[in-house]
Amino acid sequence: AQKVTQAQTEISVVEKEDVTLDCVYETRDTTYYLFWYKQPPSGELVFLIRRNSFDEQNEISGRYSWNFQKSTSSFNFTITASQVVDSAVYFCALSFTGGGNKLTFGTGTQLKVEL
Amino acid sequence: EPEVTQTPSHQVTQMGQEVILRCVPISNHLYFYWYRQILGQKVEFLVSFYNNEISEKSEIFDDQFSVERPDGSNFTLKIRSTKLEDSAMYFCASSEVPPGLGSYEQYFGPGTRLTVT
């Protein structure tokens, strides 16, 4: 069975602080894919990143970075120098081969960035 | 930039009525999905659709639900007899067909908020 756990329900930071959103996953599959999506207050789901299980390189995209560690089954997301526009719910998700590509989502982390 | 569109943005219906939610996936995508999100909760998979048939469905996707690709551009979700607990945001998504057994990112539409009264 697939499971994604985002233990942080809500995080509040002050603008320009760095913040890390945690994601822990469970799967029996040896090949799987991890994703992060952003859901701003307007409600849409915005794709941020996809990672394959066989590629453990960390990735940086502007102020965003992702740390994938198979040893701890974690795929954490860090926002550097947070901004008010980063305020959103962030979802971590998992899919696996042969699963119809369905995404299993975590419960999300509400990030509030204040001035 | 191509995007997934959904209509209507908000649908209010009475319990027991049929509703059809419509989606236009990204034009070169061939894998389609429906998810739902009950207010304040996580996003849940309903069904995936490829090559004119259901690839996988969740336990939520019971006989009250059906999907269809009636033409070359639309993808619909029908709920035959709505219940109060069907009230949720329904998201359509599409992706490219992954090579072999891979998985591509799914691009989501803005959602349809369904309210059943």
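This one's a predicted model, so the numbers in the text were calculated from it and none came from an experiment. (Residues numbered from 1 in each chain as written. Chains lettered and ligands numbered in written order. Predicted model: local features only at pLDDT ≥ 70, side-chain atom pairs only at ≥ 80, totals over all residues. Heavy atoms only, no water.)

Enquirer: I would appreciate a short explanation of the overall build of chain A in the present structure.
Expert: When you go through chain A residue by residue, the secondary structure sums to zero helices and twelve strands. Element order for chain A, N to C, with α for helix and β for strand: β-β-β-β-β-β-β-β-β-β-β-β. Relative to its length of 115 residues, chain A is compact, with a C-alpha radius of gyration of 14 Å against a globular reference of 13 Å. Along the longest, intermediate and shortest principal axes, the C-alpha atoms of chain A span 45 × 25 × 20 Å. Taking the intrachain contacts of chain A between residues at least 6 apart in sequence as the baseline, contacts between residues at least 24 apart amount to 55%. (Helix = DSSP H or I, 4+ residues; strand = E, 2+ residues; numbered from the N terminus. Rg over C-alpha atoms; globule rule 2.2 N^0.38 Å. Contact = heavy atoms within 4.5 Å.)

Enquirer: Mind showing me how you'd approach the pattern of salt bridges here?
Expert: Charged atoms that come close allow side chains of opposite charge to pair. Summed over the entire model, instances satisfying the criterion amount to seven salt bridges over all chains. One salt bridge in this structure joins Arg-63 of chain A and Asp-86 of chain A, with 2.8 Å as the shortest N-O distance. On the criterion of sequence distance, the pair formed by Arg-63 of chain A in the loop between strand 7 (59-61) and strand 8 (64-69) and Asp-86 of chain A in the loop between strand 9 (74-79) and strand 10 (88-96) is long-range, its members being 23 residues apart. Glu-56 of chain B serves as the salt-bridge partner of Lys-102 of chain A, at 3.4 Å between the closest nitrogen and oxygen. Within this pair, whereas Lys-102 of chain A is found in the loop between strand 10 and strand 11 (104-105), its partner Glu-56 of chain B is found in strand 6 (residues 53-57), the two belonging to separate chains. Residue classification places Lys-102 of chain A among the partly exposed residues on the basis of a relative accessible area of 22%. Each member of the salt-bridge network shares a partner with another, and the members are Arg-51, Asp-55 and Glu-59 of chain A. (Salt bridge = Lys/Arg side-chain N within 4 Å of Asp/Glu carboxyl O. Buried < 20%, exposed > 50% of the residue type's maximum accessible area, 1.4 Å probe, protein only.)

Enquirer: How do you make sense of the side chain of Gln-39 of chain A when you look at a structure like this?
Expert: Along the polypeptide, Gln-39 of chain A turns up in strand 5 (residues 32-39). For Gln-39 of chain A, a relative accessible area of 9% translates into the label buried. Within polar-contact distance, the side chain of Gln-39 of chain A engages the backbone oxygen of Gly-43 of chain A at 2.9 Å. Apart from residues no more than four positions distant in its own chain, Gln-39 of chain A is found in contact with Glu-44, Leu-45, Ala-88, Val-89 and Phe-91 of chain A together with Gln-37 and Phe-91 of chain B. (Polar contact = N/O pair within 3.5 Å; in protein donor to acceptor, adjacent residues only side chain to side chain.)

Enquirer: Help me understand the interface of chain B and chain A in this model?
Expert: Taken together, the contact pairs 22 residues of chain B with 21 residues of chain A. A combined buried area of about 1,800 Å² lies between chain B and chain A, and 55% of that area is made up of carbon and sulfur atoms. In this assembly, chain B and chain A are joined by two salt bridges. Where chain B touches chain A, the interface holds six residue pairs in polar contact (both at pLDDT 80 or more). Elements with a contribution of two residues or more to the side of chain B that touches chain A: strand 4 (31-37), strand 5 (43-50), strand 6 and strand 10 (107-108) of chain B. In terms of residues, the side of chain B that touches chain A owes the most to one element, strand 4 of chain B, which gives four residues. (Buried area = accessible area lost by both parts, 1.4 Å probe.)

Enquirer: Help me understand the pairing of strand 2 (residues 10-14) of chain A, please; the structure alone is not making it clear to me.
Expert: Within a regular strand, the side chains alternate between the two sheet faces. All names here are of chain A. Alternating residues of strand 2 divide into Ile-11 and Val-13, all buried, and Glu-10, Ser-12 and Val-14, none buried. Relative to strand 12 (residues 109-114), strand 2 is paired through five bridges, and the arrangement is parallel. Across the sheet, residue Ile-11 finds its bridge partner in strand 12, namely Leu-111. (Pairing = 2+ DSSP bridges.)

Enquirer: Help me understand the layout of surface pockets, please; the structure alone is not making it clear to me.
Expert: Empty space among the atoms becomes visible once a probe the size of a water molecule is rolled across them. The space that makes up the largest pocket amounts to roughly 380 Å³. Together, 23 residues line the largest pocket, and Gln-39, Val-89 and Gln-110 of chain A together with Gln-37 and Gly-40 of chain B are the ones closest to its centre. Secondary-structure elements contributing two or more residues to the lining of the largest pocket are strand 10 and strand 12 of chain A together with strand 9 (88-95) of chain B. (1 Å grid on protein atoms, 1.4 Å probe; cavity = no way out; pocket = protein on both sides within 12 Å on 5 of 7 lines; lining within 4 Å. Points joined across faces, edges and corners; volume = space filled by probe spheres on them.)

Enquirer: Please explain the state of the cysteines as it appears in this structure.
Expert: Disulfides are covalent bonds that link the sulfur atoms of two cysteine residues. Enumeration according to the criterion identifies two disulfides over all chains in this entry. Two residues, Cys-23 of chain A and Cys-92 of chain A, share a disulfide whose sulfurs are 2.0 Å apart. Its S-S torsion of approximately -65 degrees makes the covalent link between Cys-23 of chain A and Cys-92 of chain A left-handed. Of this pair, Cys-23 of chain A sits in the loop between strand 3 (19-21) and strand 4 (24-26) while Cys-92 of chain A is found in strand 10, placing the two residues 69 residues apart along the sequence. Of the two residues examined, Cys-23 of chain A and Cys-92 of chain A, each falls in the buried class. Two residues share a disulfide in this structure: Cys-23 of chain B and Cys-92 of chain B, whose sulfurs sit 1.9 Å from each other. Taking the torsion about the S-S bond as the criterion, the Cys-23 of chain B to Cys-92 of chain B disulfide, at about -65 degrees, is left-handed. (Disulfide = S-S within 2.5 Å.)

Enquirer: Honestly, a nonpolar patch on the surface in this entry has me stumped. Any pointers?
Expert: The grouping of Leu-30, Tyr-50 and Val-97 of chain B at the surface amounts to a nonpolar patch, some 230 Å² of accessible area in total. Its place among the elements puts Val-97 of chain B in the loop between strand 9 and strand 10. (Patch = residues over 30% accessible without salt bridge, like charges linked within 9 Å, V, L, I, M, F, W, Y side chains within 5 Å. Areas by Shrake-Rupley, 256 points an atom, 1.4 Å probe, with all protein chains shown as cover.)

Keep in mind these numbers describe shape, not what the thing actually does.
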